[in-house]
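# Structure assessment
Listed below are the residues making up each chain.
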Amino acid sequence: MLCLLLGFSGLAQPLGAPVGQPGWFLAPTYPDPGGRMPVGHGGLVLSPQSGGGLMAGCADDITRICTTGQTGFYGARECLAKNISKLSGACRASIMALSPTSVPPCSRSPICDNPLGGRRTDLMRVEWKQTMGYRYAYPIDLPRGGGASGVGIDSRGNIWVLQRAAPGKPPLLEFGRDFKLVRTVNESVTGRLEKAHGIKVDRDDNVWITDANKSVVLKISPQGKLLMTLGVRGQRGDWDESKRQRLLWQPLDVAFGANNDIFIGEGHSNESPNDTGLAPGNMIGAARVIHLDARGRFVNQWYGNAVGPGKFSMAHGVAVDPKNGDVWIADREQYRLVVYTAAGKFVKTLQLRNLACAIAFDPTGSPWISSGLDGQLLKLDRDGHVLGAVGNGSGIGTGQFIEATYMAWDASGNVYSGDTSVGRVTQMIAPR
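Here we summarise the structure given alongside this text. Being a predicted model, the structure only gives us computed values, none of them experimental. Counting of residues starts from 1 at the beginning of each chain's written sequence and follows it residue by residue. Thresholds applied to this predicted model are a pLDDT of at least 70 for local features of residues and 80 or more for the giving and counting of side-chain atom pairs; totals over whole chains, interfaces and linings are not thresholded and use all residues. Water and hydrogen atoms were dropped before computing side-chain values, which therefore reflect all heavy atoms in the structure.

### Section: unusual backbone geometry
One non-glycine residue with positive phi stands out, namely Asn260, at about 75°. Helical segments are the DSSP runs of H or I of at least four residues, strand segments are the runs of E of at least two, and each set is numbered from the N terminus. Residue placement: Asn260 occurs in the loop between strand 14 (251-256) and strand 15 (262-266).

Quick look at the structure:
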């Protein structure tokens, strides 16, 4: 991706950075284990041979058959499926246990991979020096399985974790303030999630989760009951009120306005021109933000097409600014944040040096991003300057991430984030 190269140019960070901004350096990309490596007590990452991770029986087959760039979960799965006759018995069983995928791999969109050559795993990544004094802990023991795609915290301080769980295992788990398991929400409520993605907790303690591949957003009560489904499971398409067609297209994240309005961020690189023409009338296929009222009724939507002022190639994260109600969009692969008013009027674009995987506002109203494969959470000012960093970069060691994800804060100011490729939740303990 061209944007992956631009991310390190002198134009990547906004000019006029504040005095005292932490320095940065380049660090290598750790190979993506893609959820195959199980995690033991205290966040200890174990070898795939110890069992329990997704496709855990395929570690040797991936090394033997797949090329660099196909080691992450989805890339490896595609590689193995094309070579099913060459797989070991254990690997074949692991592949057959997975739910069938309903979304074609990204192939023709310009953001599928770097058009100038090279793979994402070959990149050197910007890592910021840590000056904020956070420490790292892993107090939550998740079931062995896939990565933790996000964390939400309710008004009681309970921690909700969305996990890319193995088939038949609960994808949504609630832990108390003592980090003990309180509740599991099973597939009988959520359905089988093909690609568990974003998670948010609203002011009424309802938990909202997205399934990117099945193209639905689910609202779940504090007691674990399904309250609302937005979109139609397994049907990707455009939201078109004139046709009474209320479909979603790779929903990734949700955010809420002060009046409980809902903002859905869509677009995960499988869109136009890669994934259009699936059904009559589904021809837009662009990343977008869909604005609904609190009851799920359509208000507005606006689009990105990767190029130009106010555009975005994906809305991988969305958040509402608590100070003025503006909607911030994390355009991950273009290394930028794009800001609109709640009415859909473009405000500004903030270019960054890092991937913008998720955007959130902390309890003081300051914006943060998780930098995904860059392996850090970054505190920003409203001009996009980095004020501080938390995280030890790309990897599976203490304080490291393969892909830092959706984040949340507890009442003590500690921040939590999952890792889509490693089944653990990192607690980043704020200095007292």
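Still more ground to cover, so stick around.
### Comments concerning the sheet that holds strand 24 (residues 377-380)
One requirement defines pairing of two strands: DSSP has to find at least two bridges between them. As summarised here, the arrangement of the 4 strands in space is 22-23-24-25, forming an open sheet in which the pairing is antiparallel. On the outer flanks of this sheet lie strand 22 (358-361) and strand 25 (386-390), each paired with one strand and no other. The average angle at which neighbouring strand axes cross in this sheet is 25°, direction not considered. Sheet topology note: the strand 22/strand 23 (residues 367-370) ladder contains 4 bridges and is antiparallel. Bridging across to strand 23, Ala360 finds its partner in Trp368. With axes taken as lines fitted to C-alpha atoms, and helix axes fitted only over the stretch in contact, angles between N-to-C directions fall between 0 and 180 degrees.

### Section: the packing of aromatic side chains
Aromatic rings from Phe, Tyr and Trp, taking only the six-membered ring of Trp, are treated as a pair when their centres fall within 6.5 Å; an angle between ring planes under 30 degrees marks them as stacked, one over 60 as edge-to-face, and anything in between as tilted. All told, the structure shown has 9 aromatic pairs when counted by the stated rule. For the pair Trp328 and Phe361, a centre-to-centre distance of 5.5 Å together with 90° between the ring planes defines the contact as edge-to-face. Here the residue Trp328 occupies a position in strand 19 (residues 327-331), and Phe361 occupies one in strand 22, the gap between them amounting to 33 residues. Throughout this description, buried means an accessible area under 20% of the type-specific maximum (1.4 Å probe, protein chains only), exposed means over 50%, and partly exposed covers the range between. Overall, Phe361 belongs to the buried group, its relative accessible area being 14%. Put simply, the rings of Trp302, Phe312, Tyr340 and Phe346 touch in pairs and so form one group of aromatic residues.

### A look at the sheet that holds strand 11 (residues 226-230)
The antiparallel open sheet is built from 4 strands, whose spatial order is 8-9-10-11. Since the sheet does not close on itself, it has two edges, and those belong to strand 8 (196-201) and strand 11, each with one partner. Ignoring strand direction, the axes of neighbouring strands in this sheet form an average angle of 20°. Strand direction decides the pairing type here: strand 8 and strand 9 (residues 207-211), joined by 4 bridges, are antiparallel. Bridge pairing in strand 9 places Ile199 opposite Ile209.

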